[in-house]
Amino acid sequence: MQGQTTFVPFFNTSRLGVLIRQALRLSFIPVALFTTHNAVAADEPQETVVVTASALKVETPLKETPRAVSLIDQEALKVKQPSKLDEALRYQPGVVTQPYGSDNDTDWFKIRSFDAAMYLDNNRLYETGYYVWTLEPYGLQSVEVLKGPAAILYGEAPPGGVVNAVSKRPDDIEFGEAQLKLGNRQQRELGIDINRYVDEDGDMRFRFVGLIGERDGTLDHTDNQRIYLAPSLTIDFSQDTTLTLLASYKQDDGTPTNPFKPAYGTLIDTPNGKIDPSTNLGEPDYDKNENTQFSLAYELEHHINDTWTFKQNTRYAYTDLLLRSTYAFGSETSTDVSRGIIFRDGKTHSLSSDNNLIAKWDTAGTENVTLFGLELQGFKNDSKEADDWGIAYGGTTGGIDALNPVYGNYTPIDDRATKVDIKKTLAGFYAQHQVTLDEQWVAKFGGRYDIVRLENDTVSASQDIHNDEFSFSGGLMYVAQNGLSPYISYDESFEVLTSVDENGEAYKPLKGKQTEVGVKYEPELVNGYVNLAWFDITQKNGLVTTGGAYTTQSGELTSQGIEVETKIQATDDLMLTANYTYTDAKTDMTADADPTRTPMIPRHMASAWLEYDLSHLGLSGFVVGAGSRYMGTTTGHNSAGNDTLHVPSVTLFDAMARYDINQKWRAQLNINNLTDKEYVSACDYYCYYGEEMSATATINYMW
């Protein structure tokens, strides 16, 4: 690839890995090579490779990037076999996953204590209320996690960072795969992944990924059926110009899992025992989740000359949602709880286009990469909405006994829905420059100017909000010859609020900023790496309740912590990853109150995953894996908001076993929460059980 920055890999590649890489003609080698266990010959030459993440928008080695970025590649996805995107993030430092338990219609995660923006192939997936875009893991090539504020590259977004999912797209070799997956909770799933040349020389390549499946939810009387289709086409018009077309269609039809439960009977013991984690406190015969998603995108890359490259990435996305969801309120004194109903029936349309000019040039002992960008985003939500807060708050929905639920005590609210229209547009202009001096000093700095307009029309009110924001980013790193690469960086974020103050004026955007100091270490004598990062994030302009009908804008959220990420190929057969996160997150979102610990965020998290190839023990083709996840204690508000709930820590274990029967057949077993531990994942006004044991058996046939 023209002008590509390279570095010598820090891990040994096997002969098999070299052959695969040459065949696929990849521009980078993912971390999956850690799971290649064949020994390399002493005289075999090492190739220079580059490990990048497309979320950076410029091909830059992760080891030369002055901020924390994690990459979950295709091999890692195959090893873990996640059923949802948030499951794929379980072993990432700094990421809290599934605090609300296993939800079959939403992905839940927080990064460094804050929400994060979701992107698909670097295009924004907008979320508003219950209108969320969910991804099918089988259709993903990789998942990238860019931690902390990222306005310089992505504009308006929360300060947690960016999760960018990369779709499977046409490859350089022909192949096919059929996958059958069976699991507990009546899971049945059939997938197919086919890559073919359209012409003889492979300048036009087609790929089709499809899946059909169903599975019961973790709650009684809940389920979900899914159909997923994703065709894609790549055309190499010349050595300098490539166009990739991507489409996807996903349809979910089921009964939602509403995980809300009272603290009394979950976190707090009762004389009559605990609430069963599988108890459904909704209305199975009424609740409904029908969600259809469709997207159409193209990615154009053109090398203008040896210096300049133009990239254009455009996507249209559409969702159609019908959601009826009955949920229980919290309580610390009784298992007879009030309930409410949420009703949403609407459609969303979004169109985003990111246009980049990238220049790579060398002068006076420096290597330079300059990025200019124009990003345009548009989003529209047309819906009918209704909320019933239950009899306790003047509604019509009746309560339920959480220890002995009897269904039917409700009144449908479909005919009470009112119209809501939301329109949002964004235009962002950004520039970034990276300079490398003497192949050791790396400096990166840039700025972005965004223009955001939000229109929110309801039956009772209309809002028209304008915001102009400038964001800055900068970083400095020293790449030492001994493998140590210390760095420091600063980044900003902003997020537009959809409400107005008591005078009808738009609130200021939430402002986030992060300082990060770290070191990335790739020792010569050890096949692996260790990354250490200290971060300090502050978000200002939060809305603070003052006791009146309106709120004042003076709240602040802070998050400071340390992340350690380690991957080690200890021997040819043994691979180990280990991560640790310490987070001190605080909030002062209540007027006249001292800052308190942010709900649902553990101070300590740790995880470890081990894989061992049994080939040298005479069991050719066998690989086993085992993992452990520790989540420390958390806090949360009680149901009245005037006291604090304390949730104990938990340690969970996962396991994997894989057998390559021959070159065409593979069998794999994955078990999460191996001991089927019953635990409360988090509490904040409500409490939530963590996911029970999940077991899946996968059979792959490859040709």
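Residues numbered from 1 in each chain as written. Predicted model: local features only at pLDDT ≥ 70, side-chain atom pairs only at ≥ 80, totals over all residues. Heavy atoms only, no water.

- Looking at an unreviewed UniProt entry, one finds the protein chain named TonB-dependent siderophore receptor, with Vibrio olivae as its source organism.
- Regarding the protein chain, the relevant UniProt record gives this comment under Subcellular location (unreviewed entry): "Cell outer membrane".
- Under the UniProt heading Sequence similarities (unreviewed entry), the note attached to the protein chain is "Belongs to the TonB-dependent receptor family." (UniProt positions renumbered as here; feature names shortened; annotations may be inferred.)

## Describing the sheet that holds strand β1 (residues 69-72)
By way of backbone hydrogen bonds, the strands of a sheet pair with one another, either parallel or antiparallel.
Right, on to step 1. Spatial ordering of the open sheet is given by β1-β6-β7-β4-β5, a layout of 5 strands whose pairing is mixed. Edge positions in the sheet fall to β1 and β5 (123-124), since each has one partner strand and no second.
Right, on to step 2. Summarising the sheet, β1 and strand β6 (residues 140-147) pair through 4 bridges and their orientation is antiparallel. By the bridge assignment, Leu-71 is partnered in β6 with Glu-144. (Pairing = 2+ DSSP bridges. Helix = DSSP H or I, 4+ residues; strand = E, 2+ residues; numbered from the N terminus.)

## Considering the state of the cysteines
Right, on to step 1. Overall, the coordinates contain 1 disulfide when judged by the stated rule.
Right, on to step 2. The residue that forms a disulfide with Cys-683 is Cys-687, at a sulfur-sulfur distance of 2.0 Å. Across the S-S bond of Cys-683 and Cys-687 the torsion is about 110°, and the bridge reads as right-handed.
Right, on to step 3. You can call Cys-687 buried: its relative accessible area is 0%. (Disulfide = S-S within 2.5 Å. Buried < 20%, exposed > 50% of the residue type's maximum accessible area, 1.4 Å probe, protein only.)

## Some words on a nonpolar patch on the surface
Right, on to step 1. Taken together, the side chains of Leu-180, Leu-182, Leu-190, Ile-212, Ile-227, Leu-229, Ile-661, Trp-665 and Ile-699 present a nonpolar region at the surface, about 770 Å² in accessible area.
Right, on to step 2. For the nonpolar patch, the elements supplying multiple residues, two or more each, are β8 (175-183) and β11 (223-236).
Right, on to step 3. Within the fold, Ile-227 resides in strand β11.
Right, on to step 4. Given the relative accessible area of 34%, Ile-227 is considered partly exposed. (Patch = residues over 30% accessible without salt bridge, like charges linked within 9 Å, V, L, I, M, F, W, Y side chains within 5 Å. Areas by Shrake-Rupley, 256 points an atom, 1.4 Å probe, with all protein chains shown as cover. Salt bridge = Lys/Arg side-chain N within 4 Å of Asp/Glu carboxyl O.)

## With respect to the pairing of β11
Regular strands show a simple pattern: their side chains alternate between the two faces of the sheet.
Right, on to step 1. Pairing of strand β10 (residues 204-216) with β11, which is carried by 13 bridges, proceeds in the antiparallel orientation. Each residue of the ladder has a partner; that of Glu-214, found in β11, is Gln-225.
Right, on to step 2. Two strands pair when backbone bridges link them, and β11 and strand β12 (residues 241-255) are joined in this way by 12 bridges, in the antiparallel orientation. Bridge pairing in β12 links Asp-236 to Thr-242.
Right, on to step 3. Here β11 hands over to β12 after 4 residues, the two strands then running antiparallel side by side.

## Structural notes on the pattern of salt bridges
Right, on to step 1. As enumerated under the stated definition, the model contains 47 salt bridges in all.
Right, on to step 2. A salt bridge links Asp-252 to Lys-250, with the shortest nitrogen-to-oxygen separation between them at 2.6 Å.
Right, on to step 3. For Lys-274, the salt bridge identified is with Asp-269, shortest N-O distance 3.5 Å.
Right, on to step 4. Its relative accessible area of 39% is what places Lys-274 among the partly exposed residues.
Right, on to step 5. Look at the salt bridges and you will find they share partners, linking Lys-57, Asp-354, Glu-375, Arg-448 and Asp-450 into a network.

## A few points about the packing of aromatic side chains
Right, on to step 1. Summed over the entire model, instances satisfying the criterion amount to 18 aromatic pairs.
Right, on to step 2. Ring geometry for Phe-622 and Tyr-659: centres 4.2 Å apart, planes at 15°, overall stacked. With Phe-622 in strand β29 (residues 622-631) and Tyr-659 in strand β32 (residues 650-660), this residue pair connects regions lying 37 residues apart in the sequence.
Right, on to step 3. For Tyr-659, a relative accessible area of 30% corresponds to the partly exposed category.
Right, on to step 4. The ring of Tyr-138 is capped by Lys-168, whose NZ or CZ atom sits 4.1 Å from the centre of that ring.
Right, on to step 5. If you follow Lys-520 out to its NZ or CZ, it ends over the ring of Tyr-487, 5.7 Å from the centre. (Phe/Tyr/Trp six-rings, centres within 6.5 Å; stacked < 30°, edge-to-face > 60°. Lys NZ or Arg CZ within 6 Å of the ring centre and 35° of its normal.)

## Digging into the confidence of the model for the protein chain
Right, on to step 1. When pLDDT is averaged along the protein chain, the result is 89, and 90% of the positions lie at 70 or above.
Right, on to step 2. Below a pLDDT of 50 lies the segment residues 1-50, which in the model reaches 103 contacts outside its immediate sequence neighbourhood of four places, other chains included. (pLDDT = per-residue confidence, 0-100. Contact = heavy atoms within 4.5 Å.)

## Concerning the pairing of β29
Right, on to step 1. When strand β28 (residues 604-613) meets β29, the two strands line up antiparallel, connected through 9 bridges. Counterpart to Trp-609 in the pairing with β29 is Gly-627.
Right, on to step 2. Inspection of the sheet shows β29 paired to β32 by 10 bridges, in the antiparallel sense. Residue pairing in the sheet places Phe-622 in a bridge with Tyr-659 of β32.

## Focus: the environment of Glu-516
Right, on to step 1. Looking at the element boundaries, Glu-516 is found in strand β23 (residues 510-521).
Right, on to step 2. Given the relative accessible area of 0%, Glu-516 is considered buried.
Right, on to step 3. Here the alpha-carbon distance between Glu-516 and Gly-148, two residues 368 residues apart in the chain, equals 8.9 Å.
Right, on to step 4. Apart from the residues within four sequence positions on either side, Glu-516 is in contact with Arg-67, Ala-68, Arg-112, Tyr-487, Ile-488, Ser-489, Ala-533, Trp-534 and Phe-535.
Right, on to step 5. A polar side-chain atom of Glu-516 sits 2.6 Å from a polar atom in the side chain of Tyr-487.
Right, on to step 6. A distance of 3.3 Å separates the side chain of Glu-516 from the side chain of Gln-514, its partner in a polar contact. (Polar contact = N/O pair within 3.5 Å; in protein donor to acceptor, adjacent residues only side chain to side chain.)

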